[in-house]
Each structure stands twice: as structure tokens, then as C-alpha cells.
Amino acid sequence: MAENKNSIIVYAEWIKKFEELEDDEAGRLIKHFFRYVNDQDPVAPDRLTKIAFIDIEQCLKRDLAKWDKTKNSRADNGSLGNLKRWHNDLYLKVQNNELSIAQAIEQSKNRKPSHGDNQRDKQSQNVAKIAVNANGNVNGSNNTNSIDRRKLAFSKSLIPFVEKYGKDVIRDFCDYWTEPNKSNTKFRQENETTWSTPLRLSRWAKSDFNKHKTPATKGATDQSQNENLFK
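Residues numbered from 1 in each chain as written. Predicted model: local features only at pLDDT ≥ 70, side-chain atom pairs only at ≥ 80, totals over all residues. Heavy atoms only, no water.

- Where an unreviewed UniProt entry is consulted, the protein chain appears under the name DUF6291 domain-containing protein, with the organism given as Pedobacter duraquae.

Rendered as C-alpha cells:
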């Protein structure tokens, strides 16, 4: 067993081996097993125990190698985290393979932590908090506000086309495609599986469809908003 390792994996499939042994043989094998994992360097009491323990020993060694690799990886990650926070220049050298982790740690022992690096770390954390708060505010808004924002964004995307098609055409186009469904969760344009604003506007302007009145179900608020937007 390695230092500070207090647990092992016992595999259920090993029962097949123990079932084939007499009780006294199984007892000697299990005692040999526990002496081995407790670093007592046991010598097998007989030939049968020695043979039966071969594959168990190999399995224990493989598990130990995996444990060592995981432990070292976690230690390296912790060291890299400290370097990134307090000695960012050394951290970058490790990332660029200019220094090993051990070399960077050794150099960091002979210098004071960089407050500039720590400050940058705090600034990054503040930016992350702002992003989380902003996202939380968006997700926490009610459905009506959400669809209104999306409709407004769609309306603003039409502004560049006012000069080409005129404000009346754009306003009618916008009123038609921002009509909400009955549950007020989506508007007409969002139900389209494909969409190209330039192509839709071109067909709209060439057809008589743009001369039709907007549906009576349209809300006065939406129409007023679009009229103000495309003045």
C-alpha cells in the first residue's frame, strides 16, 4: 500500500477463486492478502497460496499505479492553480513547456506573490459574477417580457431595410411577422423553419401581400411600437 492510501478495491469476480478452495486454503489466502496490502511483505505459506495470489497481486499493482497517477495529477492541478493565481508568469512558462511544474514551484519559493496577478484573478472573478447575474436576470424574467425583447430585436433588425423599401412596407412586414401566438410564447417569424430577411422582404415587396391589412388580432401596443421604430 502507498503512503496515505487506506482503501483498496476488492473485485466480486474473485469469489470464483475462493469458491474453488477449501476453507483452510481460502483462509490462508485471505490472510496473505491482508498482510500484503498492509505492507508486511508476507511470504506465501505454501505453493497453492502463492499461485492463487499471483493474479490478485497483479491487479492490486495496476490499481495502485492508477491511484498514484490520479494523485499526482490532482497535485499538479493544485500547483498550477496556485501558480496561475500568484505567479502568472511562471504559470505561462509551464503552459508553454518552458518550465516543468517542479521547476516553477521551486522558483516561486524564492519570490513574493505578484499582487498584479492576484488582482487580475479578482477582476476575472468579478466579470464572471456579472455574467452570472446578468444571465440570472434574463432567465428570471417573465415570458411576456422575454417575447417583447425578442420582437423588439427582430424589429430593429429591419431598420437597415427602411431606406430600400420604405417605412410603410417595413412597418407592415414587421406587424405581420411579430404577431404572437395564442399563448404569447412565440411570434410568427419564430415558427418558420427557414428564414432570410432580405429574401422575405424582397418577395413581400413584389407581391400584393404587403397591401393587406395586418390581422385584427394584432395588439395596439405592438403596432404603436413599430410605428415609433420606423418613423
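### Concerning the pattern of salt bridges
Thought 1: Following the criterion strictly, the structure yields 8 salt bridges and no others.
Thought 2: Where Asp 24 meets Arg 28, a salt bridge forms, and the shortest distance between an N and an O atom there is 3.6 Å. Here Asp 24 and its partner Arg 28 are both found in helix α2 (residues 23-37), 4 residues apart, which amounts to about one turn of the helix.
Thought 3: A relative accessible area of 46% places Asp 24 in the partly exposed class.
Thought 4: For Arg 28, a relative accessible area of 31% corresponds to the partly exposed category.
Thought 5: Glu 179 serves as the salt-bridge partner of Arg 188, at 2.1 Å between the closest nitrogen and oxygen.
Thought 6: When its relative accessible area of 14% is taken as the criterion, Glu 179 is described as buried. (Salt bridge = Lys/Arg side-chain N within 4 Å of Asp/Glu carboxyl O. Helix = DSSP H or I, 4+ residues; strand = E, 2+ residues; numbered from the N terminus. Buried < 20%, exposed > 50% of the residue type's maximum accessible area, 1.4 Å probe, protein only.)

### Brief notes about the packing of helix α9 (residues 167-177) against helix α10 (residues 197-206)
Thought 1: Axis separation between α9 and α10 bottoms out at 11 Å; the angle between their running directions is 115°. On the basis of the axis angle, α9 is roughly perpendicular to α10. Of the two elements, α9 crosses α10, and the hand of that crossing is right-handed. Listed contacts from α10 to Val 169, Ile 170, Asp 172, Phe 173, Tyr 176 and Trp 177 of α9 are Arg 200, Leu 201 and Trp 204.
Thought 2: Residue classes in the contact of α9 with α10 are distributed as 7 nonpolar, no polar and 2 charged. (Axes fitted to C-alpha atoms, helices over the stretch in contact; angles between N-to-C directions. Parallel < 35°, antiparallel > 145°, perpendicular 65-115°, else oblique. Left-handed = near helix turned anticlockwise from the far one by under 90°. Contact = heavy atoms within 4.5 Å. Nonpolar A, V, L, I, M, F, W, Y, C, P; charged D, E, K, R; others polar.)

### Some remarks on α2
Thought 1: When the terminal C-alpha atoms of α2 are compared, their 21 Å separation across 15 residues agrees well with the 21 Å that a helix rising 1.5 Å per residue should span.
Thought 2: Of all the residues in α2, the buried ones are Ala 26, Leu 29, His 32, Phe 33 and Val 37. Taken around the axis of α2, the buried residues stretch over an arc of 125°, which confines them to a single face. (Expected span 1.5 Å × (residues − 1). Arc of directions from axis to C-beta.)

### Comments concerning unusual backbone geometry
Thought 1: Unlike most non-glycine residues, Asp 39 shows phi in positive territory, near 60°.
Thought 2: By the secondary structure assignment, Asp 39 is in the loop between α2 and α3 (47-86).
Thought 3: Residues other than glycine seldom take positive phi values, yet Asp 41 does so here, at roughly 45°.
Thought 4: When you line up the elements, Asp 41 lands in the loop between α2 and α3.

### Overview of α10
Thought 1: Where α10 is concerned, the buried positions are Thr 197, Arg 200, Leu 201 and Trp 204. When α10 is viewed along its axis, its buried side chains cluster within an angular range of 95° and face the same direction. Across from the buried face of α10, at angles greater than 90 degrees, the exposed residues are Leu 199 and Lys 206.
Thought 2: Close packing links the buried residues of α10 with α8 (162-165) and α9.

### Focus: the nonpolar core
Thought 1: In terms of nonpolar packing, the biggest core is built from 13 residues, with Phe 154, Leu 158, Phe 173, Trp 177, Leu 201 and Trp 204 touching the most fellow members.
Thought 2: For this core, the elements supplying multiple residues, two or more each, are α7 (143-156), α9 and α10.
Thought 3: It is α9 that provides the largest number of residues to this core, a total of 6 residues.
Thought 4: In this structure, Trp 177 is in contact with Phe 154, Phe 187, Arg 188, Gln 189, Glu 192, Trp 195, Arg 200 and Trp 204, ignoring residues within four places of it in sequence. (Core = buried A, V, L, I, M, F, W, Y, C linked by side-chain atoms within 4.5 Å.)

### Some words on the packing of aromatic side chains
Thought 1: Tallied over the entire structure, the rule returns 12 aromatic pairs.
Thought 2: Relative to Trp 204, the ring of Phe 173 lies with its centre 5.3 Å away and its plane at 90°, an arrangement referred to as edge-to-face. Here Phe 173, found in helix α9, pairs with Trp 204, found in helix α10; they are 31 residues apart in sequence, far enough to count as distant. For the pair Phe 173 and Trp 204, one class covers both residues: buried.
Thought 3: Of the aromatic side chains, those joined through ring pairs into one cluster are Phe 154, Phe 173, Tyr 176, Trp 177, Phe 187, Trp 195 and Trp 204. (Phe/Tyr/Trp six-rings, centres within 6.5 Å; stacked < 30°, edge-to-face > 60°.)

### Topic: the confidence of the model for the protein chain
Thought 1: For the protein chain, mean pLDDT is 76; residues scoring 70 or higher make up 71% of the total.
Thought 2: pLDDT under 50 marks residues 123-142. Its contacts with residues more than four places away, or in other chains, come to 2 contacts.
Thought 3: Long-range and interchain partners of residues 213-221, a stretch whose pLDDT sits below 50, account for 12 contacts in this model, where long-range means more than four residues apart. (pLDDT = per-residue confidence, 0-100.)

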